[in-house]
Amino acid sequence: MKRYRKNFVLFCVALALLLAACSVEGQKRQITPEELDPALNQEIDPDKEILIYARTSPISGSSNLFFDRQAVDKFNRTHDDVQILVKDYYGSAEERGQNYERLRSEMAAGQVPDIIDLAGVPYRQAIQKGYLEDLWPYIENDPYLGRDGVLEAPLKAAEVNGGLYAAFGSVRIDTLVGTASQVGDRTSWTFQELQDAFAAMPEGATVFRFDTSREEVAYHLLLLSMEDYVDWETGTCSFDSPGFRSMLEFIGQFPTRKEVDEEIAAFADLRARLTEAEERSIKGLQMLDNRATVTLKWLPTRNAEHGGQCAFVGYPVEDGSVGSAFEFAGSCLAMSSACGNKEAAWEFLRMAYLDPKADSTGDNDTIPICKFLYDKQKDRLMTEKQEVFPFVFTMPESVTVPPLTEEEVRRFEDFFNSIGKIDITWNGTLMKLVLETCGPYFSGDKSLDETVALVQNRVGLYVSEQK
């Protein structure tokens, strides 16, 4: 009898442990009204399971990365059992750094949101710490997507060790555009090749728009190449290299922000300044357009501005690789690996890929990731004439251009598929550290050797601490 009583007690203990485990796994996420984003007027539905969305980007579309409130509202209207509630980790300019640190601290303590806005989260470090879910299995098993249903180049660019941890529905291309007859019909070049092309330009010409500062050039070149010098897995860096030295020397040729500000102060207003820039470009006094949106829709405009055929030459890279990168056009999100309802979270994330606005109808000028929407955009551009304004101020009359040809589309797609970098992999803290360290070199207060050694030392310490 004692043996049966003992077994019964063990059974009850095991059952209690099992029920406790199930209750923790199955319970609804707890959140108080005080934790919710105050800008969204959210109400907690006690009958629904909660998914917590960490917002780290602005609500309006004032930047490439922004919070899509309509998507959250649509999900909540169409789901009877699950509700997405948004917590604000963005805030005012003064609060931003503190809020980002609060999110990272909470995640380190195990309080990981279900859906994470990647605008304020170091992407590679979050993956390395196991916070994010690989989304390739969800895409591959989705009945409306699959590998064949998406444009893989941007997604492959966002991979880390073969895993995809970011969801985004459309992109643009960050590149440099030039006239093919001047810079060559190419999509990559070295610093020396750029200098050789510039040597053939007329006297008084500039590489970029005349009001481009040294700081702006540094920002774009570092964004493009930073990850080439950092190994997050080993916690080491390699800035003491010919490529990094060539880049710093190239950046040092441009005027400082202060010098540019003094030059543009002579213009009456922004319109006069932009008109001057356009007139210089028309006269052949600007080799490269460094502020041009590049998408399939904008291809006719870029060609019209560059004598009929533009070259997506990109930023110079010392090894001659493609010097262009994808940038997001909208929200960029992740699912946490600790998400309480991954099926529901994927239902929300997949909405970005299937958003019909992403086919670039109307004024939208993005490249959709969903292949069906991209093909729809391409078919329209290959069958309809377009009205374009190559130069907004100096040429106010529009120009009607014929539909895109198969050769133009093939050339664009070859370029698109050659791009292997995307802006989600860059680390803002690291960027700031490198720019600050290089500042004395750009102002003439430190030598190139001293600067390279300082960058190697300071970044090396930072990267090793993040490992």
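Anything mentioned here points back to the structure above.
This one's a predicted model, so the numbers in the text were calculated from it and none came from an experiment. (Residues numbered from 1 in each chain as written. Predicted model: local features only at pLDDT ≥ 70, side-chain atom pairs only at ≥ 80, totals over all residues. Heavy atoms only, no water.)

(A) Representation of the sheet that holds strand S10 (residues 325–328). If you trace the three strands from one edge of the open sheet to the other, you get S10-S4-S12, paired in antiparallel fashion. Looking at which strands have only one partner, the edges of the open sheet turn out to be S10 and strand S12 (367–368). In terms of strand pairing, strand S4 (residues 170–174) meets S10 through four bridges, oriented antiparallel. Bridge pairing in S10 places Arg 172 opposite Glu 327. (Pairing = 2+ DSSP bridges. Helix = DSSP H or I, 4+ residues; strand = E, 2+ residues; numbered from the N terminus.)

(B) Just the packing of aromatic side chains, in detail. Per the counting criterion, the structure on display carries 18 aromatic pairs. Plain terms: the ring middles of Phe 210 and Phe 267 are 5.6 Å apart, the flat faces sit at 50° to each other, and that makes the pair tilted. Placement of Phe 210 in the loop between helix H8 (191–199) and helix H9 (214–225) and of Phe 267 in the loop between helix H11 (257–264) and helix H12 (270–282) is noted, with a sequence separation of 57 residues between them. A relative accessible area of 24% places Phe 267 in the partly exposed class. (Phe/Tyr/Trp six-rings, centres within 6.5 Å; stacked < 30°, edge-to-face > 60°. Buried < 20%, exposed > 50% of the residue type's maximum accessible area, 1.4 Å probe, protein only.)

(C) Region of interest: the side chain of Arg 214. Within the element layout of this structure, Arg 214 appears in helix H9. Salt bridges are absent for the buried Arg 214, whose nearest opposite-charge side chain, Glu 259, sits at 4.8 Å. A polar contact of 3.3 Å, which involves the side chain of Arg 214, links it to the backbone oxygen of Gly 252. At 2.7 Å, the side chain of Arg 214 and the backbone oxygen of Phe 254 are in polar contact. For Arg 214, the residues in contact, after removing those within four places along its chain, are Ile 251, Gly 252, Phe 254, Pro 255, Thr 256, Phe 442 and Ser 443. (Lys, Arg positive; Asp, Glu negative; His and termini not counted. Salt bridge = Lys/Arg side-chain N within 4 Å of Asp/Glu carboxyl O. Polar contact = N/O pair within 3.5 Å; in protein donor to acceptor, adjacent residues only side chain to side chain. Contact = heavy atoms within 4.5 Å.)

(D) Expanded view of the sheet that holds strand S5 (residues 177–179). With antiparallel pairing, the three strands of this open sheet are ordered in space as S8-S5-S9. Where the open sheet ends on each side, the last strands, each with one partner, are strand S8 (288–289) and strand S9 (310–311). By the bridge criterion, two bridges tie S5 to S8 in an arrangement that is antiparallel. Bridge assignment links Val 177 to a residue of S8, and that residue is Asp 289.

(E) Fine view of the environment of Glu 413. Following the sequence through the fold, Glu 413 ends up in helix H16 (residues 406–418). Assessed through its relative accessible area of 22%, Glu 413 is described here as partly exposed. For Glu 413, the residues in contact, after removing those within four places along its chain, are Tyr 374 and Lys 378. At 3.2 Å, the side chain of Glu 413 forms a polar contact with the side chain of Lys 378.

(F) How the structure looks around the pattern of salt bridges. With the rule as written, the count across this model stands at 25 salt bridges. The partner of Asp 88 in a salt bridge is Arg 55, with the nearest N and O atoms 3.2 Å apart. Here the residue Asp 88 occupies a position in strand S2 (residues 82–88), and Arg 55 occupies one in strand S1 (residues 49–55), the gap between them amounting to 33 residues. With a relative accessible area of 4%, Arg 55 lands in the buried category. Across the pair Lys 378 and Glu 413 runs a salt bridge, and its minimum N-O distance is 3.2 Å. Separated by 35 residues along the polypeptide, Lys 378 in helix H15 (residues 371–381) and Glu 413 in helix H16 bring together distant segments of the chain. By sharing partners, the salt bridges in this structure join Lys 371, Asp 375, Lys 378 and Glu 413 into a single network.

(G) Geometry of the side chain of Ser 170. Inspection of the secondary structure assignment puts Ser 170 in strand S4. Look at Ser 170 and you get buried, because its relative accessible area is 8%. At 3.1 Å, the side chain of Ser 170 and the backbone oxygen of Ala 329 are in polar contact.

Function cannot be read off these values alone, since they describe shape.
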